Structures are given as structure tokens and as C-alpha cells.
Amino acid sequence: MVKEASGPGTTGRRLKGAVARGLFKTRLYDATLGGAAPTAFVGHVEDPWPGVSETANQLFQGRYDFFGEQHTALNEPPWDLSASETWRSELHGFAWLRHFHAAGGEAARLGGRELIRTWVERHNKWSELVWRGDILGRRLAAWAAHAGFLMEGAEPTFRQRFLTSFAKQSKHLFRSVGDTPEGGAYISAILGMVASALALDGGGAQLAKALGHLEQALAQQILADGTHISRNPMQHIGVLQDLVFIRAALQAGGADVPEILEKSIAGMAPMVRFFRHGDGKLGLFNGSAEMTSKALDAVLSKIGNKAKPEESAAQGGFERLSANGTLVLFDAGGPPPPLFAGTAHAGPLSFEMSVGRERLIVNCGSHLNPEWQAAGRSTAAHSSLTLADTNAVELEAPGGVGKRRCTVACMRNQEDGNIWIDSAHDGYAPFGIVHGRRLYLGANGGLKGEDTLSWQGGKRQKSHSFAVRFHLHPSVQASLVRDGDAVLLRLPKGGGFRFHAGGGRLGIEESVYLGGGDIRRAEQIVLAGDLGADGAIVKWAFVPLDG
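About the criteria used
- Residues numbered from 1 in each chain as written.
- Predicted model: local features only at pLDDT ≥ 70, side-chain atom pairs only at ≥ 80, totals over all residues.
- Heavy atoms only, no water.
- 1 Å grid on protein atoms, 1.4 Å probe; cavity = no way out; pocket = protein on both sides within 12 Å on 5 of 7 lines; lining within 4 Å.
- Points joined across faces, edges and corners; volume = space filled by probe spheres on them.
- Nonpolar A, V, L, I, M, F, W, Y, C, P; charged D, E, K, R; others polar.
- Pairing = 2+ DSSP bridges.
- Helix = DSSP H or I, 4+ residues; strand = E, 2+ residues; numbered from the N terminus.
- Axes fitted to C-alpha atoms, helices over the stretch in contact; angles between N-to-C directions.
- Phe/Tyr/Trp six-rings, centres within 6.5 Å; stacked < 30°, edge-to-face > 60°.
- Buried < 20%, exposed > 50% of the residue type's maximum accessible area, 1.4 Å probe, protein only.
- Salt bridge = Lys/Arg side-chain N within 4 Å of Asp/Glu carboxyl O.
- Core = buried A, V, L, I, M, F, W, Y, C linked by side-chain atoms within 4.5 Å.
- Contact = heavy atoms within 4.5 Å.
- Expected span 1.5 Å × (residues − 1).
- Arc of directions from axis to C-beta.
- Disulfide = S-S within 2.5 Å.
- Left-handed = near helix turned anticlockwise from the far one by under 90°.

A. View of empty space enclosed by the protein. Enumeration over the complete set of coordinates arrives at 1 cavity of 30 Å³ or more. Of the pockets and cavities examined, the largest cavity occupies roughly 80 Å³. The class makeup of the residues in the lining of the largest cavity is 5 nonpolar, 7 polar and 2 charged.

Set out below in C-alpha cells:
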């Protein structure tokens, strides 16, 4: 069990949010959201992301499958189903309307209208999750983009209720956008502001206000190398999708596209390629899931930016090493700033390794289940070193980081196809220890490493145990060989590596893999030891079997 201490949190922000929520739920506040309803949209909004008619067929049947979590509502609306917050966020965000639009036809149109009608009956007054800024923003964008399809031939009663609710939600979003969680959620809220300003007013002062929020958010969230400040590859993709949606809405509405928006999209696109393994899916860092190769290809095709990623993302804190079919993604950064650390993991100096299209070394990843999600955030769930069963970064529940953070130093060199990284972090400074990690990827695709634990100031304090972990993808077969002095790793398509090490007790233990959305049994290689008077040095290597 990983030891944790509680952090200070963001008390002032939470108090302000609590006061606002107390106001929003009152009848008096709800009355202020009324007023004359529009009779039609005056501006056009376009959804750039194509729907899938097969998915619409599942929705017709009452099967709602989001992020691998499926719930069924037969012959009744899905709004009150008991499900995870992530699933409910997707349901109430209405992005799935694009699938009804893709299916086309009167049945899809009537199905979409019925779901909106029942939603308005149940949720047309403020509630904490359903009217949260990011969910509200995605819902307004979806309603605006697919209104033409839905209202074609609609009865006047539906048109009135739809437009009245839309205007009411938009008014609340413009008032409360500052209460939206920072990061990707804030960008989603701005998407809704842009879409509703274009739909209701065709632009004007409301659009200018929305774009003012957008420019400030992009300047704060998109780093110089194109990485999103959350350091979460999946959140990076989500923000990029919202930005492309905003650009498409502005273009369809005849509005100017801000330069910072174009620049942000262009800078973020190569980082999508940076985070992809040989299987085309994402690396697992700071709460990310794999996603599908098809989904990532769709994002890149819509952007049209074919720029190759840099090998180093210094501002984002990641390194990409590649040689002879072996790819290593290395976390060379500390946790994001507190406001953007909601999904942060304690995995400094962790790495993932793939060979061709097959994953070998992984981090455990994240999951919708809160308990598994918490476990996946721990340092022990990463292919890195854990000291005294303690996280290298103080984690808060259910998300965020506390006072005890860490800084990471990293230097990269390469020559003749060989690449080496020297790095260190001070997350274990309370123990008087600095963790250093050296990686060397040879031109032949073999990976060597050295983990060091050094007493700060050369002064030994209390001795502690440590463990260097290498989590294996579930498809990898591992077996101890040479009387337990090495591990033979076999990949499913043939080939593999021999792992050997010195400086720690070698063993194979159980692990889990959460990156695909489900919970899969896996194994991990563990090198365990205890600090000595001179600290500790653990050397290890993955040697290709054909080498």
C-alpha cells in the first residue's frame, strides 16, 4: 500500500464554488435565466467531426456505450441511469447527436428530438454535474451544430422548447464560465460559448467575449512545444478536438479565426504523433488511455498537419527515443501546475517501450472505477522506481497534487544512432534522496538503464527499501531463466528480449493493465533492494533475442 499525506487543496476556489452552487439551485436564480426566447437561430454552426451511423443504431436500441462503459435503457430515456461520472458527462454532453445526423432519415430525426424533449423535461434547471461548464459547453455546441437536422419538419412546440432551453443554458454559461474547472474542461466551456454566440446572435459582443476567454486559455494551457499543460496525452487530444470544432464553427459562421487558435492547432498536431506507440495508440501518462488508432488518425486527417514530432518536448517534459523498431516514451517532467493537475499521476522518470506494433513495457494506466483510478495514479503503477512504498509526488483524492511535488532535470545526447538520457528528480527529498535514471537506447534496439538513489549532501539517514518496476503489457510472456538471474520476454508475434540486472533482487509479480478501458491481468518485473551507506545503484538491460 502506498503511503499518502493529504495536501492543502484549493480551499478558496472550492469555497467560491460552493457559494455559487448554492445560488444556482435557487428558484430566484432560475427565474433570472428566463426572458424572450429566440424564434430561430440566426447563425450557422458546423460540427467538423463525422458521426457513425452504426453507433446511431446502437443508440436507437437504447445501448449507450461510452469509454468502454455500457448501459441500457430500453423504451425509456437514459437520463437517470446509475453510472460513472465520466459516462454521465458524455451522455449529457450530447456529442453523440452527430451519429443520428450521420444516420439521417426521419427515424433518426425523431429519435434525436425525443431525447432532447425528455432531457428538457428532467434537466432544464441547474444541477451540479449536468450544468457543469464543460458538459454544458459540449451540449450547446452539439445542439447548435445539429439543430438544422433536428428541427426540419419539427412541431412548433418542440422548436419553442428547444430554443428556449438553449438560450437559457447559454445565458448561464456566459455568467458562470469562470467556475468551470481549468484545463480541457474550460476549453469545452468556451466551445459552447462560441457556438451559442454564433447561433443566437451571429457573432457580436458575445462572440468577442468568448474569444477573449479562448485567447487567455490558449496562452496559458498550450506550451511552446505544443504540449497541453495537463501532460495527459488523452486530454491533449480532447482539447485539440475542441479547438478544431471552434475553428470550424467560426469558419461556418463567417467569423475571423484568431491567429493564436490556428497556431495552437498547428503546434498540438505533431504532439499527437509524439505520444503514439507503434500500434498507433497513445502512451499512458497522467491519466491517459490508449484511445483507438482509428480515432487518432481521424483527428490528424481533419487537421491536415503532417509535421513530424520533435524528439524532445522540453516544455511538456517528455522524450521520444527510437532505434531499429524499438520506441521508448519517457516521462522527463514533474507534475502539472496545481490548477491543471486533476488527472496527474506520480510517475516521474517512468517509461513505456514498444517494439514494432507491440507494446512491451507499459504504465498501468487509468480507469473509470475510482479505486482503480487511484491505484493507477501511484508511483508503483508506473515503470519507474518507488522508495519506501511512497509516491514520488503527493497525490490528492480524487484528483490533483499536494504540497510535496517534484522537479525533474533531464539531458539528452545522441550519436551514430545511439541515444542516451540522463535525468533525476527530487520527489524523495523528504527522505534525503535523489532518484537518478540513465537510459541508453542502442542502434540495435536494445535498451539499457541505470537507477541510482543518492543521499543528498552525502549524509545517510534512515535506510529504506526500494523497488524498480517494469510493468509488462498483458500480451507479453515472461519467465525466469538462468536460475532466476534473468527474465525471458516473448512478444506475441515472435521475437522478444532477455532482461538481466544487478543491484536488486529480481522477481516477477502480478500487475494489472488499465490502458484499454478494461481491467486485464498482467505481470511486472521487480528489482527490490535496500539503501546502503552509499545509496543504491541498479543496472538493467533489455537485450534483443536476435542480438
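B. Spotlight on the pairing of strand β17 (residues 505-513). By the bridge criterion, 9 bridges tie β17 to strand β18 (residues 520-530) in an arrangement that is antiparallel. Residue pairing across strands places Val512 opposite Arg521, the latter belonging to β18. If you look at the hairpin formed by β17 and β18, you'll find 6 residues sitting between the two strands, and Gly517 has a positive phi there, around 100°.

C. Molecular detail of the layout of surface pockets. Of the voids in this model, the second largest pocket is the one considered here, and its volume is about 310 Å³. Taken together, 15 residues make up the lining of the second largest pocket; nearest its centre are Leu59, Phe60, Tyr64, Glu76 and Leu115. Looking at the lining of the second largest pocket, the elements with two or more residues in it are α3 (53-60) and α6 (105-123).

D. Molecular detail of the sheet that holds strand β19 (residues 536-544). The antiparallel open sheet is built from 8 strands, whose spatial order is β9-β10-β11-β12-β19-β16-β15-β14. At either margin of the open sheet sits one strand with a lone partner, and together these are β9 (408-415) and β14 (477-481). Here the strands of the sheet are splayed against their neighbours by 15° on average, with no regard to which way each runs.

E. Looking closely at the packing of aromatic side chains. Counting across every chain of the model gives 27 aromatic pairs. Considering the side-chain rings of Trp96 and Phe100, the 5.9 Å spacing of their centres and the 55° angle between planes classify their relative orientation as tilted. Note on accessibility: Trp96 and Phe100 belong to one class, buried. Three or more aromatic residues joined by ring pairs form one cluster here, namely Phe41, Phe60, Trp79, Phe94, Trp96, Phe100, Trp119, Trp143, Phe158, Phe162 and Phe166.

F. Region of the structure containing the pattern of salt bridges. Counted according to the given criterion, the structure contains 23 salt bridges. The partner of Arg132 in a salt bridge is Glu85, with the nearest N and O atoms 3.1 Å apart. Linking Arg132 in the loop between α6 and α7 (133-145) with Glu85 in helix α4 (residues 85-93), this pair joins segments that are 47 residues apart in sequence. Take Arg132: its relative accessible area is 23%, and that puts it in the partly exposed class. The exposure class assigned to Glu85 is partly exposed, which follows from its relative accessible area of 45%. Here the salt bridges share partners, and the residues they tie into one network are Glu85, Arg132, Asp134 and Arg138.

G. Structural context of the nonpolar core. Trp96 and Leu243 are the most contacted members of the largest nonpolar core, which has 92 residues in total. Here this core takes 12 residues from helix α10 (residues 184-201), the largest share from any one element. Excluding its chain neighbours within four sequence positions, the residues that come into contact with Trp96 are Leu59, Phe66, Trp79, Glu90, Leu91 and Leu115. Core analysis: the next-biggest nonpolar cluster, separate from the first, contains 42 residues, Phe330, Phe351, Ile433 and Leu491 among them.

H. Fine view of helix α11 (residues 204-221). An ideal rise of 1.5 Å per residue puts 26 Å on 18 residues; α11 measures up with 26 Å between its terminal C-alpha atoms. Looking only at α11, the buried set comprises Leu207, Ala210, Leu211, His213, Leu214, Ala217, Leu218 and Gln221. All buried residues of α11 project into a common sector of 155° when viewed along the axis, lining one side. Away from its buried face by more than 90 degrees, α11 exposes Ala205, Gln216 and Ala219. In this fold, the buried residues of α11 make contact with α10, α12 (233-252) and α13 (259-274).

I. Geometry of the state of the cysteines. Counted by the stated rule, this structure contains 0 disulfides. Cys364 takes part in no disulfide bond, and the closest cysteine sulfur, belonging to Cys406, lies 19 Å away. Under the relative-accessibility criterion, Cys364 is labelled buried at 5%. The thiol of Cys410 is not disulfide-bonded; the next cysteine sulfur, from Cys406, is found 13 Å away.

J. Layout of the side chain of Ser366. Summarising the element assignment, Ser366 is placed in the loop between β7 (358-362) and α15 (370-377). Excluding residues that lie within four positions of it along the chain, Ser366 makes contacts with Gly287, Ser288, His345, Gln373 and Leu514.

K. Inspection of unusual backbone geometry at higher detail. Note the cis peptide between Ala397 and Pro398, where omega equals 0°. Summarising the element assignment, Pro398 is placed in the loop between β8 (385-387) and β9. Even without being a glycine, Asn75 presents a positive backbone phi close to 55°. Inspection of the secondary structure puts Asn75 in the loop between β2 (69-72) and α4. What makes Asn75 exposed here is its relative accessible area of 86%. At Asp416, a residue that is not glycine, the phi angle is positive and equals roughly 55°. Considering the arrangement of structural elements, one finds Asp416 in the loop between β9 and β10 (418-425).

L. Main features of the packing of α11 against α13. Contact geometry for α11 and α13: axes closest at 10 Å, N-to-C directions at 35°. The hand of the α11/α13 crossing is left-handed. Every residue of α13 that contacts α11 at Leu214, Glu215, Leu218 and Ala219 is listed here: Ile260, Leu261 and Ser264. Here the contact of α11 with α13 is composed, by residue class, of 5 nonpolar, 1 polar and 1 charged.

M. Broad picture of the packing of α7 against α10. Remark: α7 packs on α10, axes separated minimally by 7 Å, with the N-to-C direction vectors making an angle of 35°. Considering only the axes of α7 and α10, their crossing is left-handed. Only Ala185, Ser188, Ala189, Leu191, Gly192, Ala195, Ser196 and Ala199 of α10 make contact with α7, whose side of the interface consists of Gly133, Asp134, Gly137, Arg138, Leu140, Ala141 and Ala144.

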